[in-house]
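Each chain is listed here by its residues.
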Amino acid sequence: MKSVFYKSLLLAGVFAPAAAAFSLFDGAPLVGVPESYAVRYNAYLNVGYDDNVHQSSRNEESGEFVRFGVGASYADYESVTRLSYNARVGAQLYNKDANGTDERMFTDVALTASFSRNFGKGSVFSSQLSFSHTPEPEYAGYYTNVGVHSSETRWSLSNVYSQAIDERWSWNVSLAYSGCLYGNDEYYNDDRQYLTPGIGLTYKASERTTYGVSARYSYEFCEVATNSESAYLTANMSHALSPVSSFSLSAGAQYKMVDSWGKLYPNLHASYRRVLAEGLSANAYVSFANENVNSASRYSNNEYRSVETWRMGVSCSYAYSHRVTFGVTAGLYSADYSEGTRFDGYKREEWFVGCSMNYKLTESVSASIGYEYRAGDCYNGETFARNRVTTGLNYTF
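Residues numbered from 1 in each chain as written. Predicted model: local features only at pLDDT ≥ 70, side-chain atom pairs only at ≥ 80, totals over all residues. Heavy atoms only, no water.

1. Re the overall build of the protein
Item 1. In terms of helices and strands, the protein carries one helix and 18 strands.
Item 2. Expressed as a percentage of its 397 residues, the buried residues of the protein come to 42%.
Item 3. Contacts in the protein between residues at least 24 apart in sequence constitute 57% of all its contacts with a sequence separation of at least 6.
Item 4. Roughly 19,300 Å² of accessible area belongs to the protein as shown, and the carbon and sulfur atoms make up 59% of that amount. (Helix = DSSP H or I, 4+ residues; strand = E, 2+ residues; numbered from the N terminus. Buried < 20%, exposed > 50% of the residue type's maximum accessible area, 1.4 Å probe, protein only. Contact = heavy atoms within 4.5 Å. Areas by Shrake-Rupley, 256 points an atom, 1.4 Å probe, with all protein chains shown as cover.)

2. Some thoughts on the side chain of Ser 366
Item 1. In this structure, Ser 366 sits in strand 17 (residues 365-377).
Item 2. Given a relative accessible area of 12%, Ser 366 falls into the buried group.
Item 3. If sequence neighbours within four positions are ignored, Ser 366 has contacts with Asn 358, Tyr 359, Lys 360, Leu 361, Gly 392, Leu 393 and Asn 394.

3. Remarks on the nonpolar core
Item 1. Grouped together as the largest cluster of nonpolar side chains are five residues: Val 307, Tyr 333, Ala 335, Tyr 337 and Tyr 346.
Item 2. Broken down by element, this core gets its largest block of residues, three residues, from strand 15 (residues 324-338). (Core = buried A, V, L, I, M, F, W, Y, C linked by side-chain atoms within 4.5 Å.)

4. Considering the confidence of the model for the protein
Item 1. Residues at a pLDDT of 70 or more form 77% of the protein, whose mean pLDDT is 82.
Item 2. In the model, residues 138-149 has pLDDT below 50 throughout and makes 53 contacts with residues more than four positions away in sequence or in other chains. (pLDDT = per-residue confidence, 0-100.)

5. Topic: the pattern of salt bridges
Item 1. Counted under the stated rule, the structure contains eight salt bridges.
Item 2. Measuring nitrogen to oxygen at the nearest pair gives 3.3 Å for the salt bridge that ties Arg 192 to Glu 220. One end of the pair, Arg 192, is in strand 8 (residues 192-204); the other, Glu 220, is in strand 9 (residues 209-222), with 28 residues separating them in the sequence. Both residues of the pair, Arg 192 and Glu 220, count as buried.
Item 3. Shared partners join several salt bridges into a network, and the residues in it are Asp 50, Arg 386 and Arg 388. (Salt bridge = Lys/Arg side-chain N within 4 Å of Asp/Glu carboxyl O.)

6. Some details on the packing of aromatic side chains
The relation between two aromatic rings is expressed through the spacing of the ring centres and the mutual angle of the planes.
Item 1. In this structure the tally under the stated criterion is 14 aromatic pairs.
Item 2. Centroid distance Tyr 41 to Phe 397: 6.0 Å. Interplanar angle 20 degrees. Geometry classified as stacked. One end of the pair, Tyr 41, is in strand 1 (residues 37-50); the other, Phe 397, is in the segment after strand 18 (383-396), with 356 residues separating them in the sequence.
Item 3. Three or more aromatic residues joined by ring pairs make a cluster, and in this case those are Tyr 41, Tyr 395 and Phe 397.
Item 4. The ring centre of Tyr 37 lies 3.8 Å from the NZ or CZ of Arg 40, which sits over that ring.
Item 5. Cation over ring: Arg 216 sits above Tyr 232, and NZ or CZ is 4.4 Å from the ring centre. (Phe/Tyr/Trp six-rings, centres within 6.5 Å; stacked < 30°, edge-to-face > 60°. Lys NZ or Arg CZ within 6 Å of the ring centre and 35° of its normal.)

7. Thoughts on a nonpolar patch on the surface
Item 1. On the surface, a cluster of nonpolar side chains totalling about 990 Å² of accessible area is made up of Tyr 49, Tyr 318, Tyr 320, Phe 326, Met 357, Tyr 359, Leu 361, Ile 369, Tyr 371, Val 389 and Leu 393.
Item 2. Taken together, the elements giving at least two residues each to the nonpolar patch come down to strand 16 (347-360), strand 17 and strand 18.
Item 3. Take Phe 326: it is sitting in strand 15. (Patch = residues over 30% accessible without salt bridge, like charges linked within 9 Å, V, L, I, M, F, W, Y side chains within 5 Å.)

8. Quick word on the side chain of Glu 220
Item 1. Here Glu 220 falls in the buried class, since its relative accessible area comes to 4%.
Item 2. Here the side chain of Glu 220 touches Arg 192 through a polar contact of 3.3 Å, side chain to side chain.
Item 3. A polar contact of 3.3 Å, which involves the side chain of Glu 220, links it to the side chain of Tyr 194. (Polar contact = N/O pair within 3.5 Å; in protein donor to acceptor, adjacent residues only side chain to side chain.)

9. A word on the environment of Val 307
Item 1. If you trace the backbone, Val 307 turns up in strand 14 (residues 306-319).
Item 2. For the pair Val 307 and Glu 291, spaced 16 residues apart in sequence, the C-alpha to C-alpha distance is 5.2 Å.

10. Here we look at the pairing of strand 3 (residues 81-94)
Item 1. In this structure, strand 2 (residues 63-76) lies alongside strand 3, joined through twelve bridges in antiparallel fashion. If you follow Ser 73 over to strand 3, its bridge partner there is Asn 86.
Item 2. The antiparallel hairpin formed by strand 2 and strand 3 contains four residues in its connecting segment.
Item 3. Bridge count between strand 3 and strand 4 (residues 105-120): 13 bridges; the pairing is antiparallel. The residue of strand 4 that forms the bridge with Val 89 is Val 109. (Pairing = 2+ DSSP bridges.)

11. Side note on the pairing of strand 4
Item 1. Strand direction decides the pairing type here: strand 4 and strand 5 (residues 123-134), joined by eleven bridges, are antiparallel. Across the sheet, the residue bridging to Phe 115 is Ser 127, located in strand 5.
Item 2. Count of turn residues in the strand 4/strand 5 antiparallel hairpin: two residues, of which Lys 121 carries a positive phi of about 55 degrees.

12. What about unusual backbone geometry?
Item 1. Residues other than glycine seldom take positive phi values, yet Lys 121 does so here, at roughly 55 degrees.
Item 2. Along the polypeptide, Lys 121 turns up in the loop between strand 4 and strand 5.

13. Brief notes about the environment of Ser 114
Item 1. Tracing the backbone through its elements, the reader meets Ser 114 in strand 4.
Item 2. Here the alpha-carbon distance between Ser 114 and Ser 126, two residues twelve residues apart in the chain, equals 7.5 Å.

Below is the structure:
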């Protein structure tokens, strides 16, 4: 197992410069080689109760909702060309109008995919794609100041070409394109797109450890706010602490430019993954960066240039038996706004904790139940609390 794990660690190190992972929890390399499987299809139906649908302090309305759809997944990690994807197409229906709209039905579509091709002689191309059009944002990946208003679209495509120099050294070039289109009724937001080319150098110090350094340039196109540019210089490492655990760390600096204004910011990302016992695994992350979220209002000139943001999270999964699996997750978001009109010195925080259980009724049918508690600051400076309970069925065919 040890050699297999270290091999997977080094393979992950080759693709480390490929911009952001699908989730902040995915920073550390996988423990073991991922499992390949043929195409799987599924249909799902969930019902739930939300005691603060609008995530508001002044308009605390409760409501029930139904979430349904179909999905497909596939993974091949054993060929020269590696491909995996996970997709779903569905909708979410609430029993009352969304805040400020007459909408009750929202599209719920998501896709994540990864592709890599080994051309031989140390030449590798890899690509990662994520796309979502959902009514409820993925809070573990970013922060929003509103609840359900209308579906919003987010995407990210990153490509990396890596070429070995010798047995230890390799260089790479990368290009990433990402963006967000907010719903029409989602205020205090600003649609934006990012184009980010980069170069990097990787050094395989041992079977267990890989180091790297990268330089990136990012241009941000904003619909309302002023466009900005950022230059990044980052050093990173991946290390196998043992055959059942891994750790990754990156640290560096970002120089952000808006018109004639410019400022230097630090950034830090660390992730840890461990198999604690048979069927029991955990991962955690901590991140600090200058983020560009909600940088302008559609209806006023309240613009800022800096959001120094801390994100922390931990998750744990336990397979009690081949039928029963438990999950626990928790996270914290803390942001300090500065360098802009109105928002200078403004701070926001949000935290959540959730738990779930999945029970396999048959080889094809499983039932699940989950609970989440979320609390934090509203856009108006007041605080909110939110409880969500969901239960449902999933059919695999």
